[in-house]
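Below, each chain spelled out in residue letters.
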Amino acid sequence: MRAAGEYTGFVPDMQRRQLMNFVLVTTAGIPVLVALGCYLWYFVPPVSGGGGGAQLAGDVDGNPVALESWVKSHKDNDRELVQGLKGEPYYLISTPDNIKDFALLSVCTHLGCVVPWNKAANKFCCPCHGSQYDENGKVVRGPAPLSLALAHTTTLNGNLALSPWTEQDFRTGEDPWWK
């Protein structure tokens, strides 16, 4: 008759009930807390690491760009994309015998399209929504709210290198927004 589940008079004591409640709450609470932590971590902004040192500019294949070959193959006021800081596309601007001391990030500040140089209009024109930037990357027509980001150009062992621009923006007189 005991196998049939008859009442034996056994009542679990309070300690056992508390243990079972603790096990239940813990096994349900841990996944909820992990999911909540992941959700909250999404809102923590990423911190850019590393120093402010120069990074070699790369060509289409990622190979370093030599200053001497660049000057030989480009005319005055030519602009060409190179892989710059964080692998992003930057425009190097040629002068008659060198390059300008700054490079321009080619990403539109409106929605992130790559902005080509329009030689006929002598400005950068975004193909997505019509934003326009002058020859130095300053916004001249919206909807882009900000000018193109800048980077310093230097040479390391004969190769072109880019480093972060942390000074005041010479085009607007304001602190750089791209820090």
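Residues numbered from 1 in each chain as written. Predicted model: local features only at pLDDT ≥ 70, side-chain atom pairs only at ≥ 80, totals over all residues. Heavy atoms only, no water.

Caption draft 1: View of the nonpolar core. Counting 31 residues, the largest nonpolar core has Tyr90, Leu92, Phe124 and Leu160 as the members making the most contacts within it. Mapped onto this core, the elements with two or more residues apiece are helix H2 (67-73), strand E3 (89-94), strand E4 (99-105), strand E9 (150-156) and strand E10 (159-164). Examining the composition of this core, we find that 5 residues originate from one element, E4, more than from any other. Beyond its immediate sequence surroundings of up to four residues, Leu160 is in contact with Leu56, Ala57, Val65, Leu67, Trp70, Leu92, Ile99, Thr154 and Thr155. (Core = buried A, V, L, I, M, F, W, Y, C linked by side-chain atoms within 4.5 Å. Buried < 20%, exposed > 50% of the residue type's maximum accessible area, 1.4 Å probe, protein only. Helix = DSSP H or I, 4+ residues; strand = E, 2+ residues; numbered from the N terminus. Contact = heavy atoms within 4.5 Å.)

Caption draft 2: Local environment of the pattern of salt bridges. Considering all chains together, one arrives at 3 salt bridges under this definition. A salt bridge links Asp169 to Arg171; the nearest nitrogen and oxygen atoms lie 2.9 Å apart. Among the residues examined, Arg171 registers a relative accessible area of 10% and is labelled buried. (Salt bridge = Lys/Arg side-chain N within 4 Å of Asp/Glu carboxyl O.)

Caption draft 3: Representation of the pairing of E10 in the model. Of all 6 residues making up E10, 5 are buried, and the element is well covered by its neighbours. As judged from the 2 bridges shared by strand E1 (residues 55-56) and E10, these two strands associate in the antiparallel manner. Paired with Leu56 across the strands is Ala161, a residue of E10. Pairing between E9 and E10: 6 bridges, direction antiparallel. In the strand pairing of E10, Thr154 is matched with Ala161. (Pairing = 2+ DSSP bridges.)

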